[in-house]
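Understanding the architecture of this molecule
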Amino acid sequence: MKGWFWPGMMAMLLWGLWGFFPKLTVRHINPGSALVFETLGGMIVALVVLVVLGFRIQTDPAGVGYALFTGVCGFLGILFYLKAVTVGRVSLVATMTALYPVVSVLLAHFVLGEPLTLKEGAGILLACLAILLMVL
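Within every chain, residues take consecutive numbers counted from 1 along the sequence as written. pLDDT decides what is reported in this predicted model: residues at 70 or higher carry local features, side-chain atom pairs at 80 or more are listed and counted, and totals for whole chains, interfaces and linings draw on all residues regardless. Side-chain numbers come from the whole structure's heavy atoms, not from hydrogens or water.

Before going further, it helps to spend a moment on the overall build of the chain. For the purposes of this entry, the term helix denotes a DSSP run of H or I that reaches at least four residues, the term strand denotes a run of E that reaches at least two, and both are numbered from the N terminus. Within the chain one finds 7 helices and 0 strands. Dimensions of the chain along its principal axes, counting C-alpha atoms only, are 50 × 35 × 15 Å. Positive charges come from Lys and Arg alone, negative charges from Asp and Glu alone, with His and the N- and C-terminal ends not counted. Each charge is placed at NZ for Lys, CZ for Arg, CG for Asp and CD for Glu. Separation of charge centres in the chain, based on 7 positive and 4 negative side chains, amounts to 13 Å.

Glancing now at a nonpolar patch on the surface. Residues enter patches when they are more than 30% accessible in relative terms and free of salt bridges; like-charged ones are connected within 9 Å and nonpolar ones (Val, Leu, Ile, Met, Phe, Trp, Tyr) within 5 Å. Calculation of accessible area relied on Shrake-Rupley with a 1.4 Å probe; when residues are assessed, cover is drawn exclusively from the protein chains displayed. We define a salt bridge as a contact between a side-chain nitrogen of Lys or Arg and a carboxyl oxygen of Asp or Glu at a distance within 4 Å. A contiguous nonpolar surface patch, about 570 Å² in accessible area, is contributed by L126, L129, L132, L133 and L136. Note that L126 resides in helix α7 (residues 118-135). Burial classes: relative accessible area under 20% of the type maximum marks a residue as buried, over 50% as exposed, and values in between as partly exposed (1.4 Å probe, protein chains only). Judged by relative accessible area, which is 59%, L126 ranks as exposed.

One finds W4, F5, Y81, V93, M96, I131 and M134 to be the most contacted residues of the largest nonpolar core, which totals 13 residues. Taken together, the elements giving at least two residues each to this core come down to α1 (5-25), α4 (61-87), α5 (90-97) and α7. At 4 residues, α1 tops the list of elements feeding residues into this core. Sequence-distant contacts of M96, that is, excluding residues within four places in its chain, are made with W4, F5, G8, M9, M12, I131 and M134. Counting residues in each nonpolar core, the second largest holds 8 residues, with L14, F20, C73 and A108 among its members. The term nonpolar core refers to a set of buried residues drawn from Ala, Val, Leu, Ile, Met, Phe, Trp, Tyr and Cys, joined through side-chain atoms within 4.5 Å. Whether two residues touch is decided by their heavy atoms; if any such pair falls within 4.5 Å, the residues are in contact.

It is worth spelling out the confidence of the model for the chain at this point. The predicted model of the chain has a mean per-residue pLDDT of 85, with 99% of residues at 70 or higher. A residue's pLDDT is the predictor's confidence in that residue, given on a scale from 0 to 100. Across the chain, helix α6 (residues 101-112) holds the top mean pLDDT of 92, while helix α3 (residues 45-53) sits lowest at 71.

Geometry of aromatic contacts follows a simple scheme: Phe, Tyr and Trp rings, the Trp one being its six-membered ring, pair when their centres are within 6.5 Å, and the pair is stacked under 30 degrees between planes, edge-to-face over 60, tilted otherwise. The final tally for this structure, using the stated rule, is 6 aromatic pairs. Taken together, a centroid distance of 6.2 Å and an interplanar angle of 65° make the contact between W4 and F5 edge-to-face. Looking at F5, the relative accessible area reads 7%, which means it is buried. Measuring from centroid to centroid gives 4.9 Å for F21 and F69, while their planes differ by 80°, and the two rings are edge-to-face. In this pair, F21 sits in helix α1 while F69 sits in helix α4, placing the two residues 48 residues apart along the sequence. Judged by its relative accessible area of 14%, F21 is buried. In textbook terms, an aromatic cluster arises when at least three aromatic residues are bridged by ring pairs, as seen for W4, F5 and W6.

Now for α5. Restricting attention to buried positions, one finds in α5 the residues L92, V93, M96 and T97. Down the axis of α5, the smallest arc covering the buried residues is 115°, so these residues share one side. Packed against the buried residues of α5 are α1, α4 and α7. Note that the arc is computed from the directions linking the helix axis to the C-beta atoms.

Okay, here's the thing in C-alpha cells:
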C-alpha cells in the first residue's frame, strides 16, 4: 500500500468528523460561540486572545465539548494531510481527503437520523469506489 494512503485516510476520517460535530455543537451554543471553541481546540492561544478581547461566549458544557473536539479533529486532519502529501502525490491525497463529507453524511444519517436519498447513497458508494481506484 502507498505510504500516503493511511495518513490520507486518517485526514479524510478526521475531516469527516470535523464536518459532522459542528451540527451537534450548534444544538447547544450559537455559531459564533462554536467558532471560538473550535479554534480553542486547535490552538490554546485563542483562549488568551478571547480573554484579552473580552468576548462573551456561551459555555454550555455539551456545546463547548463538541466545539473543542471539532477543533482537535480539524487540526489532527491537517497533520495527517501534511504527512500524506509529504510521501504521496498531492493530486491523489487531495482528491481522497476531499471525500471527507462521506463520513459526515453517514454520521448525520445514522446518528442524527437525517434522510439519505437513493441518489445520495449512490454518490457515497461511487466516492468509496473512487478511493479504491486511486490506490489499486
